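Chain residues, written in single-letter form:
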Amino acid sequence: MIHGVEHAPRPLRPGLARVLLSIVIIGYLAGVIVAPLSGPPPASDLSRVLLQPFRPLLGGLYLSHGYRFFAPNPGPGHSIRWTITLPDGSSRSGAIPDARVDRPRLLYHRRFMVAEKIAGLVPPPDAPSEVRASARAEWLPLVKGVADNLLRAHGGERVTLEMVEHYLPGPDEVVEGRGGPDLVTPLGTFARRGRLP
Amino acid sequence: MIATPRDRPPSRRPLRSWLSDWATAWNAFWFTVVDPLPLAVIRFGTGVLLAWSSLVWLLDADAFFGPRGWLAPGDVWRMNDQPWQWSWFFAAADPTAVRVLGGLSVCAAVLLAIGLATPLAALVSLLALVSAANRAPLNTFGLDDTLGMLLIGLVVGPSGARLSIDARLFGAGGGGGAVGTRANVALRLIQVHLCVIYFFSGCGKLFGASWWEGTAIWGAAANVQYRTLDLTWLAAHPLAVNAITLATLFWEVAYAALVWPRLTRPLFLAMAVAVHLGIGLTMGMMEFGLAMIVANLAFVPAAVWRRLLTHRPVTAPTFLRTDLA
């Protein structure tokens with residue numbers, strides 16, 4: 001026996017209810033399996049076809065997950081550096097996330113996810129121009145939201161944002177006390193309403 | 001003349017027998033009456049974590065759920081599957097409404113943890129978690145995935161039948177109806193879902209060279225953004241990094257198969273505690289680590305909890321004898 005819970009020797013009698021419940025269980029678990037099978041990429045066309053009837057279930061119950069924790073490789077961390085110009089002309093700067101002010105740690109992590117998820121859409125500055133232009137259409141609306149939130153929270157007039165990819169040192173570099181430069185990608189300067197020309 | 005099973009062609013009998021064996025095994029797996037005590041323990045852990053998570057959402061409610069937050073309501077579709085990924089925060093047009101809904105989430109989670117009006121609390125908690133996660137997809141991570149999976153099990157099963165105010169006030173049936181096979185269905189859903197999570201997480205890692213090379217743990221340890229405990233001293237111990245990485249990979253890939261046999265289950269559960277506590281302590285994701293440990297409790301038999309609750313020692317035979325009443 002390889003069952004995982006402690007049983008009392010009293011199974012239910014067969015019946016229509018059990019058959020119907022079995023169908024519901026199979027349908028639910030099929031959705032749970034199809035979700036990570038269909039994304040993130042790479043994924044088969046078949047899995048994407050199979051996903052379609054499960055979209056209401058997976059969306060409605062927040063089950064549409066890929067479960068690729070730290071896969072395929074743990075990569076470098078990211079943050080969004082910001083500089084805000086206030087109405088009196090002074091400026092204020094900071095980063096998302098910021099371990100010094102984002103407490104408790106769960107709040108830090110929820111803000112950290114903003115940088116990490118947008119970083120997944122922003123190509124490096126040396127990427128081909130057509131790749132950067134195509135990606136920009138995806139990340140720009142999200143970055144505008146980040147800018148708007150910062151302007152609201154700080155009462156600012158305009159904000160300049162940069163994506164920072166923090167250098168991930170190898171073991172040898174740490175042993176020798178060496179490091180490397182962070183990769184900085186400008187995201188733009190945004191005013192209270194929309195992006196500045 | 002009536003045909004008896006012995007008169008049927010021999011070739012059909014094995015198929016019938018095979019199908020019958022499948023039906024019997026399916027019924028035994030899903031539809032057996034079990035003690036809901038493990039589900040109650042999971043309910044408490046989930047309720048506490050959810051209450052804390054809901055409070056943290058409230059700390060910056062306008063940024064997470066407001067019209068001028070991290071993600072404008074009109075841009076949510078860019079990150080999730082609209083219209084299916086609904087949220088009651090879409091209807092919250094002003095800061096007061098956002099806070100009322102956030103406060104409702106906290107209340108429901110607290111009631112779930114203490115087991116008061118448990119079925120309703122579990123349902124509202126699930127709706128609250130789904131609403132928060134679907135409204136703020138820029139801010140979600142594995143903690144929300146795990147809590148959602150647990151809450152579905154708690155809605156399905158009689159999670160308030162034990163260790164609850166409901167049970168004290170109304171008896172064992174007060175926390176979610178008569179105790180029957182629902183507890184087993186709920187625990188099975190959590191167990192199978194957990195196996196799906198580890199299977200796909202492990203398979204995803206098999207794409208990565210750093211997991212095969214045994215260096216992936218270094219990538220996590222050296223990442224300053226995650227770090228809460230400095231593990232860079234591991235740089236001087238590359239073989240230890242290899243061992244930790246490969247053990248983690250093997251554990252995750254094999255979990256879905258080896259957590260079921262009684263012989264390997266304690267080992268895999270112990271490894272789960274080590275891995276998730278390690279992630280929590282060193283990478284600052286303690287809530288996520290604890291949520292995964294709570295999910296793994298679905299594999300701890302009721303006999304173990306009964307002994308723990310009566311301050312009796314848990315012996316190896318108690319832990320391994322999981323299929324006995």
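Residues numbered from 1 in each chain as written. Chains lettered and ligands numbered in written order. Predicted model: local features only at pLDDT ≥ 70, side-chain atom pairs only at ≥ 80, totals over all residues. Heavy atoms only, no water.

A few points about the domain arrangement of chain A
- Each assigned domain of chain A is listed here: domain 1 (14-69) and domain 2 (78-191).
- If you average the C-alpha positions of domain 1 of chain A and of domain 2 of chain A, the two centres end up 35 Å apart. (Domains from an automatic or database assignment.)

Digging into the environment of H193 of chain B
- Within the secondary structure, H193 of chain B sits in helix α8 (residues 182-205).
- Sequence spacing of H193 of chain B and L101 of chain B is 92 residues, and the spatial spacing of their C-alpha atoms is 29 Å.
- For H193 of chain B, the contacting residues outside a window of four places in its chain are Y28, V32, L63 and Y67 of chain A together with M149 of chain B. (Helix = DSSP H or I, 4+ residues; strand = E, 2+ residues; numbered from the N terminus. Contact = heavy atoms within 4.5 Å.)

Quick notes on the packing of aromatic side chains
All names here are of chain B.
- Considering all chains together, one arrives at 22 aromatic pairs over all chains under this definition.
- One Lys or Arg, R188, reaches over the ring of F29 and ends 3.9 Å from the middle of that ring.
- Above the plane of the ring of W211 lies K205, whose end atom (NZ or CZ) is 5.2 Å from the centre. (Phe/Tyr/Trp six-rings, centres within 6.5 Å; stacked < 30°, edge-to-face > 60°. Lys NZ or Arg CZ within 6 Å of the ring centre and 35° of its normal.)

Remarks on the packing of helix α6 (residues 142-156) of chain B against α8 of chain B
Residues and elements named next belong to chain B.
- With their axes 8 Å apart at the nearest point, α6 and α8 run at an angle of 165° to one another. Overall, the two elements α6 and α8 adopt an arrangement that is roughly antiparallel. Crossing angle aside, the handedness with which α6 passes α8 is right-handed. On α8, the residues touching M149, L150, G153, V155 and V156 of α6 are R182, V185, A186, L189, I190, H193, L194 and I197.
- Here the residues of the contact of α6 with α8 sort into 10 nonpolar, 2 polar and 1 charged. (Axes fitted to C-alpha atoms, helices over the stretch in contact; angles between N-to-C directions. Parallel < 35°, antiparallel > 145°, perpendicular 65-115°, else oblique. Left-handed = near helix turned anticlockwise from the far one by under 90°. Nonpolar A, V, L, I, M, F, W, Y, C, P; charged D, E, K, R; others polar.)

Considerations on helix α13 (residues 286-296) of chain B
- Among the 11 residues of α13 of chain B, 9 are classified as buried, and the element is accordingly described as predominantly covered.
- Those residues of α13 of chain B lying buried are E287, F288, G289, A291, M292, I293, V294, A295 and N296 of chain B.
- Check the buried side of α13 of chain B and you find it contacts α4 (105-119) of chain A together with α2 (37-59), α6, α8, α11 (238-258) and α12 (265-283) of chain B. (Buried < 20%, exposed > 50% of the residue type's maximum accessible area, 1.4 Å probe, protein only.)

What to know about the interface of chain A and chain B
- Taken residue by residue, the interface counts 79 residues in chain A and 97 residues in chain B.
- With a shortest N-O distance of 2.8 Å, R110 of chain A and D144 of chain B are connected by a salt bridge.
- Applying the counting criterion to the chain A and chain B interface returns 31 residue pairs in polar contact (both at pLDDT 80 or more).
- At the level of elements, α1 (16-37), α3 (55-60), β1 (78-85), α4, α5 (129-154) and α6 (171-175) of chain A are the ones that each hand at least two residues to the side of chain A that touches chain B. (Salt bridge = Lys/Arg side-chain N within 4 Å of Asp/Glu carboxyl O. Polar contact = N/O pair within 3.5 Å; in protein donor to acceptor, adjacent residues only side chain to side chain.)

Looking at the sheet that holds β1 of chain A
Residue and element names in this part refer to chain A.
- A sheet is described by the order of its strands in space; here 4 strands give the open sequence β2-β1-β3-β4, paired in antiparallel fashion. Since the sheet does not close on itself, it has two edges, and those belong to β2 (91-96) and β4 (183-191), each with one partner. Across the sheet, the mean angle separating the axes of adjacent strands is 15° when strand polarity is ignored.
- Note that strand β3 (residues 158-165) and β4 share 8 bridges and pair antiparallel. Within β4, the position partnered with E162 by the bridge is P186.
- Contacts between α4 and the sheet are confined to β1, β2 and β3, with β1 contributing the most and set at about 105° to the helix.
- In this fold α5 packs onto β1, β2, β3 and β4, with an angle of close to 65° to the strand it touches most, β4. (Pairing = 2+ DSSP bridges.)

A short note on the pairing of β3 of chain A
- Of the pairings in the sheet, the one linking β1 of chain A to β3 of chain A comprises 8 bridges and is antiparallel in character. Paired with I84 of chain A across the two strands is V159 of chain A, which belongs to β3 of chain A.

Re unusual backbone geometry
- The omega torsion across P41 of chain A and P42 of chain A is 0°, close enough to zero to call that bond cis.
- Within the secondary structure, P42 of chain A is located in the loop between α1 and α2 (45-51).
- A cis geometry characterises the amide bond from I96 of chain A onward to P97 of chain A, with omega recorded as 0°.
- Structurally, P97 of chain A is set in the loop between β2 and α4.
- Backbone geometry places Y67 of chain A, a non-glycine residue, at a positive phi of 55°.
- Mapping Y67 of chain A onto the fold places it in the loop between α3 and β1.
- Even without a glycine there, the phi angle at L163 of chain B is positive, about 50°.

Considering the nonpolar core
- Membership of the largest hydrophobic core comes to 128 residues, with the highest contact counts inside it found for I80, I118, V159 and L161 of chain A together with W30, I42 and Y255 of chain B.
- With 13 residues, α8 of chain B is the largest single contributor of residues to this core.
- Looking at which domains feed residues into this core, each of domain 1 (14-69) and domain 2 (78-191) of chain A supplies at least three.
- When near neighbours in sequence (up to four residues on either side) are disregarded, V159 of chain A contacts W82, T83, I84, A147, L150, L151, G188, T189 and F190 of chain A.
- Counting 11 residues, the second largest nonpolar core, distinct from the first, contains A216, A221, L234 and L249 of chain B. (Core = buried A, V, L, I, M, F, W, Y, C linked by side-chain atoms within 4.5 Å.)

Describing α8 of chain B
- Between its first and last C-alpha, α8 of chain B extends 35 Å over 24 residues, near the 34 Å set by a 1.5 Å rise per residue.
- Summarising burial for α8 of chain B: 21 of the 24 residues are buried, a large majority. (Expected span 1.5 Å × (residues − 1).)

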